[in-house]
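So the chains spell out like this:
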Amino acid sequence: MRTTRRQFIKVSALGAGGLALAGSSMKWTAASTLLNSLTGGVEPTRTPTYCEICFWQCAGWVYKDQAGNIKKIIGNDDDPHCNGRLCPRGTGGVGMYADEDRLKTPLIRTTVDGQDTFREASWDEALDLVAKRFKEIGAQYGPETIALFTHGSGGSHFGHMLKAFGSQSITAPSFAQCRGPREVAFLATFGDIIYSPERTDIRDTKCLVLIGSHIGENMHNGQIQEMSDAIDKGASIITVDPRYSTAASKSKFWLPIKPATDMALLLAWMNVLIENGWYDKEYVERHTVGFEQLKAHVKPFTPEWAYGITTLDPNMIRRTAKEMHDASPSVIIHPGRHVTWYGDDTQRLRAVAILNALLGSWGRRGGFYNPEKAHVPEFPFPAFPKPARTPRESYAGKYNLANEVVSNGMVDATIPSEGNTFNFKAWIVNGTNLLASLPNQANTLKALDALEFLVVVDTMPMEITGYADVILPECTYLERYDMIRKSGHREPNIAVRVPAAEPKYNTKPADWIARELGIKLGLEAFYPWKDIEEMLDWQLQQLGTSLEEMKRIGVKKFPREFDDLYFTEGQDISFNTNSGKIELYSSDMEAEGLPPMPVYTAHEEPPSGYYRLIYGRAPMHTFSRTANNPNLTDLMDENVIWVNPKVAKLWGLKAGQYIKLRNQDDVLSTFAIKVRVTERIRWDSVYMVHGFGHDNKKLSRAFGRGVNDTEMITNVKVDPAMGGTGMRSNFVTFVTEFDEKEAKA
Amino acid sequence: MAVDTKKCVGCSDCVVACQTENNVPIGYCRDWVTEVTDGTYPQLEIEIRSERCNHCENAPCVRCCPTGASQFAEGGIVLVEHDRCIGCGACIASCPYDARYPHPDGYVDKCTFCIHRVDKGLKPACVSVCPTKCLYFGDLDDPNSDVSVVLKKRKWKTLIPEAGTRPQLYFLI
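Computed from a predicted model, the values in this text were never measured in an experiment.

Thresholds applied
Residues numbered from 1 in each chain as written. Chains lettered and ligands numbered in written order. Predicted model: local features only at pLDDT ≥ 70, side-chain atom pairs only at ≥ 80, totals over all residues. Helix = DSSP H or I, 4+ residues; strand = E, 2+ residues; numbered from the N terminus. Rg over C-alpha atoms; globule rule 2.2 N^0.38 Å. Buried ≥ 20, exposed ≤ 12 C-beta atoms within 10 Å, placed from the backbone. Contact = placed C-beta atoms within 7 Å. Domains from an automatic or database assignment. Nonpolar A, V, L, I, M, F, W, Y, C, P; charged D, E, K, R; others polar. Core = buried A, V, L, I, M, F, W, Y, C linked by C-beta atoms within 7 Å. Pairing = 2+ DSSP bridges. Axes fitted to C-alpha atoms, helices over the stretch in contact; angles between N-to-C directions. Parallel < 35°, antiparallel > 145°, perpendicular 65-115°, else oblique. Left-handed = near helix turned anticlockwise from the far one by under 90°. Expected span 1.5 Å × (residues − 1). Arc of directions from axis to C-beta.

## As for the overall build of chain A
- The helix and strand inventory of chain A stands at 25 helices and 26 strands.
- Relative to the compact-globule value of 27 Å for 745 residues, chain A shows a C-alpha radius of gyration of 26 Å, a close match.
- Dimensions of chain A, computed from the C-alpha atoms along their principal axes, are close to 70 × 70 × 65 Å.
- Burial analysis of chain A (745 residues in total) assigns 59% to the buried set.
- Considering only contacts in chain A between residues 6 or more positions apart, those separated by 24 or more positions represent 74%.

Take a look at the structure:
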């Protein structure tokens, strides 16, 4: 589907100015001999940063050679997120800087001979246009109809500008398309969320249970490191996955579950723990409410009951429950991260939370610790105006348990519908390729078509940039300052990002773009600092350090001020729930008319000849944003579709063959994907890595490589509790005959 | 060097770290990851190995080099002196591990165990970066080195021992 008015532009024609390759960091002068390279070395300069390739935000050092080219990035030893070891994406961050396909200068949509195209513009002209349109839309519909969709560090800058303008319509797909259900479920159960990095005490655990979470393929750095440490210390890992994941291969027990039946297994585990008395009685008695109700509720859910649903051997269900009990309380039923699967995900994550409560792992060593954040004061500025409407009002009455703004709620509210008077009229999209991050592309395109104005701020020409009215090219994280990183951890800590190089091409840092736009909108009062350096230095001075010191150390840790890392044994704890206790029986869920204790619901099954589409991560890529990175593409330049050998035989599929996919709603994939015939996937499912199949020709390495799983996700199951978009009820079949030229880039 | 196959997740960080540390051009690599799957669903096993030059004690690449560019450095590290290399490729053909590649600048290149870092008391780039800490490096003649200690403690194997090259890259199994 292509919209008529908002014609997709593959950032070409007039726009692509200056294919300047000069200054590419990939072009160091090679040392003439190895021996020469060993002598006469001048210590390279290093600049502190924290990584922007994923949300883990590891702190590191950027090294440049004598010519001033960015050469390598190494982890900061003092950083608790990475302990001096970046992951392949962080190490390959140099490729994001070097990528010659980057957006290079502001672009404005224009029409030439009836065709939409982009023309190059100066920053002044582009920002003037954005300010003019924002003022018009603000005056006509209210500033709150201007929305921000964001992921990553730019969000705080654009968010500040937008709030000053009178809109708090700010959202990120990282909630309703990713970790939202776990935060809501743990909030309902324990009165607190999991946070990022996760508060899982994997380092000291004796038993780690992964349910569809493929640590090692998802490269959440600190967790991988701690899982490896736990393996060294002899911890047992239990992995539940229809796919023999890397984590499954490191596990003592792998439960090859039938997909979409996890809830049955979780209920059976509860049944076994309770019926055998394998739960932490003192902890449950002291800290929880609803145990008796839970006991009665799970009584029928025996392992034999679950066997018929999950296909898992009942004895294996008992054996693994015993393993958790033996490790208790140093056991983690991992809440996962991307958990928007079937639309009852808050229920499933509630079951995970309850299991952790029964085993007494919350607040215990080897279970879940209490993270603490450094308190970073804000540089004083005037109070933001109160917005006329909050973004929640755009989806009023829905998703009441959501503790963050629901992105798809705002997308739906952008499409005019009867009865909804709060429609968003303009979007700023920063650092998130919404055509790949939101399921149901047709719906996203409808919203884009309804918009009066779309601004995209990114480093790369993504699919979403093709729909923009104005494209603002931000520089990469290696070329800019950003706000102080202050995520909670075992020790409160901060990290800074300092530019290692001048912004390449005609790109600008997000803080500069947002501030200049703010000033053009007449919001000078909200920017009382001279520049971001002054603001950061002021903040750091309040913490007893300075920008100057932080440039030398990159990361600083502080002593804990509040509670201990773990609960004190035998002490009562006040939980931030309605009852003040851990709620096995959830009053929040009950108040919403949802089951107060988790129930099993049978989910849709694939029609004959179709296979459930499971997607996941590869350790060398993040979402769709790294698919063109020269260093990371070198490691993996397309996704492949995993097919069980039995299925391959049935369809006559050969390893290495390119096929297209068609889903249950008759959507045919734009591109073809290579078949990987492997025993590592069940016969009822297929698997692919998310983030490929880019359809923007300006991505010279990523265009047409593999299939975009999001394109196949048209059947979306929305979680009534918090608006999460369940994406795992989509089924694909194989199309072996298609026009080769059309399919291969 | 020893590689713990029980911890390696095959993330290829070793590959990127080596590229950025040693100016290895895009499209080439001095180290790589091999994954071997055994069995049928659901009785499966995977071995994941970060591989590189085995720095063999009886190195065919050194023996067959016509110019002496391939040589043993102190500590047994096998090196290629780029200036003396004529790029004939005899060493590439002789290596049972396919550990060498022809650099576009006309010489043959391979893993050096980051001798320039080791000289300064650092670990090779791949060892320093590995998020799973599955790589152990050190002097095999020193009984207290990381690598000696772990080889005493754990079961291990080498690759293609039948080639008789006496490889010095050990895989913990």
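Don't stop here, the text continues.
## A word on unusual backbone geometry
- Here the amide bond leading from A:Ser196 into A:Pro197 is cis, since omega sits at -5°, within 30 degrees of zero.
- By the secondary structure assignment, A:Pro197 is in the loop between α6 (173-190) and β8 (207-211).
- Residue B:Pro42 is reached from B:Tyr41 by a cis peptide bond, and omega for that bond is -5°.
- Residue position: B:Pro42 is located in the loop between β2 (32-40) and β3 (43-51).
- Within the chain, A:Tyr505 stands out as a residue other than glycine whose phi angle is a positive 50°.
- Here A:Tyr505 is to be found in the loop between β16 (493-495) and α18 (510-520).
- Of note, the phi angle at A:Phe623 is positive, near 45°, even though the residue is not glycine.
- Residue position: A:Phe623 is located in the loop between β19 (611-616) and α22 (630-633).

## Brief notes about the domain arrangement of chain A
All names here are of chain A.
- Domain parsing of chain A yields domain 1 (177-371 + 567-591) and domain 2 (611-743).
- Taking the mean C-alpha position of each, domain 1 and domain 2 sit 29 Å from one another.
- Taken together, the contact pairs 24 residues of domain 1 with 23 residues of domain 2.
- Broken down by secondary-structure element, the contributors of at least two residues to the side of domain 1 that touches domain 2 are α6 and α14 (345-358).
- Looking at the side of domain 1 that touches domain 2 element by element, the count peaks at four residues for α6.
- Of the residues that constitute the side of domain 1 that touches domain 2, the class distribution is eleven nonpolar, eight polar and five charged.

## A look at the nonpolar core
Residues and elements named next belong to chain A.
- Leu208, Leu265, Leu267, Trp269, Met270, Leu355 and Val686 are the most contacted members of the largest nonpolar core, which has 261 residues in total.
- Ranked by residues supplied to this core, first place goes to helix α9 (residues 262-275) with eleven residues.
- Here this core gathers at least three residues from each of two domains, domain 1 (177-371 + 567-591) and domain 2 (611-743).
- Not counting the four nearest positions on each side in its chain, tryptophan 269 is found in contact with Ile317, Ala321 and Leu355.

## Remarks on the sheet that holds strand β15 (residues 470-473) of chain A
Residues and elements named next belong to chain A.
- Taking strand neighbours across the sheet as the criterion, the seven strands line up as β5-β4-β15-β14-β13-β6-β7 in an open arrangement whose pairing is mixed. The sheet terminates laterally at β5 (115-120) and β7 (170-171), the two strands that pair on one side only.
- Pairing geometry for strand β6 (residues 146-150) and strand β13 (residues 426-430), over five bridges, is parallel. Looking at β13, one finds that phenylalanine 149 is bridged to valine 429.
- Of the strands in this sheet, β6, β7, β13 and β14 (453-458) are in contact with helix α5 (residues 154-165), which crosses β6 at around 170°.

## Thoughts on the packing of α9(A) against helix α12 (residues 303-310) of chain A
Residues and elements named next belong to chain A.
- Where α9 meets α12, the axes come as close as 9 Å, and the angle between the chain directions of the two elements is 165°. With respect to α12, the axis of α9 lies roughly antiparallel. Seen along the crossing, α9 lies across α12 with a hand that is left-handed. Residues Ala264, Leu265, Leu267, Ala268 and Val272 of α9 form the contact with α12, whose own contacting residues are Pro303, Trp305, Ala306, Ile309 and Thr310.

## Observations concerning α5(A)
Residue and element names in this part refer to chain A.
- For α5, spanning twelve residues, the distance from its first C-alpha to its last is 17 Å, which sits close to the expected 16 Å at 1.5 Å a residue.
- Summarising burial for α5: ten of the twelve residues are buried, a large majority.
- Residues Gly154, Gly155, His157, Phe158, His160, Met161, Leu162, Lys163, Ala164 and Phe165 constitute the buried set of α5.
- Contacts made by the buried residues of α5 are with α4 (123-141), β6, β7, β13, β14 and α18.
- Following α5 by one or two positions, glycine 166 has its phi on the positive side, about 110°.

## Regarding helix α13 (residues 314-327) of chain A
All names here are of chain A.
- Given a rise of 1.5 Å per residue, 14 residues ought to cover 20 Å, and the 20 Å separating the end C-alpha atoms of α13 matches this to within 8%.
- Listed as buried for α13 are Ile317, Thr320, Ala321, Met324 and Ala327. Buried residues of α13 fall within an arc of 125° about the axis and therefore sit on the same side.
- Looking at the buried residues of α13, the elements they touch are β8, β9 (236-240), β10 (253-255), α9, α12 and β12 (331-333).

## As for the interface of chain B and chain A
- In this assembly, 40 residues from chain B lie in contact with 41 residues from chain A.
- Those elements giving two or more residues to the side of chain B that touches chain A turn out to be α1 (13-22), β2, β3, β5 (78-80) and α4 (115-118) of chain B.
- When the residues that make up the side of chain B that touches chain A are grouped by side-chain class, the tally is 17 nonpolar, 13 polar and ten charged.

## Things to note about the sheet that holds strand β1 (residues 45-50) of chain A
Residue and element names in this part refer to chain A.
- Spatially, β1-β2-β3 is the arrangement adopted by the three strands of the open sheet, whose pairing is antiparallel. Looking at which strands have only one partner, the edges of the open sheet turn out to be β1 and β3 (70-75). When the angles between neighbouring strand axes are averaged without regard to direction, this sheet yields 30°.
- Two strands pair when backbone bridges link them, and strand β2 (residues 59-64) and β3 are joined in this way by five bridges, in the antiparallel orientation.

## Some thoughts on the pairing of strand β23 (residues 685-689) of chain A
Residue and element names in this part refer to chain A.
- With five of its five residues buried, β23 lies for the most part within the structure.
- Every second residue of β23 is oriented toward a common face, with Ser685, Tyr687 and Val689 on one face and Val686 and Met688 on the other, all of them buried.
- As paired strands, β19 and β23 are joined by five bridges and run parallel to one another. The residue bridging isoleucine 614 from the neighbouring strand is tyrosine 687, located in β23.

## Some words on the pairing of strand β22 (residues 673-677) of chain A
All names here are of chain A.
- With four bridges connecting them, strand β20 (residues 640-643) and β22 associate as parallel partners. Each bridged residue has a counterpart across the sheet, and for valine 643 the counterpart in β22 is valine 677.
- As judged from the two bridges shared by strand β21 (residues 658-663) and β22, these two strands associate in the antiparallel manner. Paired with isoleucine 659 across the two strands is isoleucine 673, which belongs to β22.

## Let's talk about the environment of A:Glu474
- Looking at the secondary structure, you find A:Glu474 in the loop between β15 and β16.
- If near-sequence neighbours (up to four positions away) are discounted, A:Glu474 is found in contact with A:Gly154, A:Val457, A:Asp458, A:Thr459, A:Thr507, A:Lys508, A:Pro509, A:Ala510 and A:Ile513.

## A few points about the environment of A:His151
Residues and elements named next belong to chain A.
- Within the secondary structure layout, histidine 151 lies in the loop between β6 and α5.
- By the C-beta count within 10 Å, which is 22 here, histidine 151 ends up buried.
- In this structure the C-alpha to C-alpha distance between histidine 151 and glutamate 52, which are 99 residues apart in sequence, comes to 10.0 Å.
- Residues within four places of histidine 151 in sequence aside, it is in contact with Ala172, Pro173, Ser174, Gly431 and Thr432.

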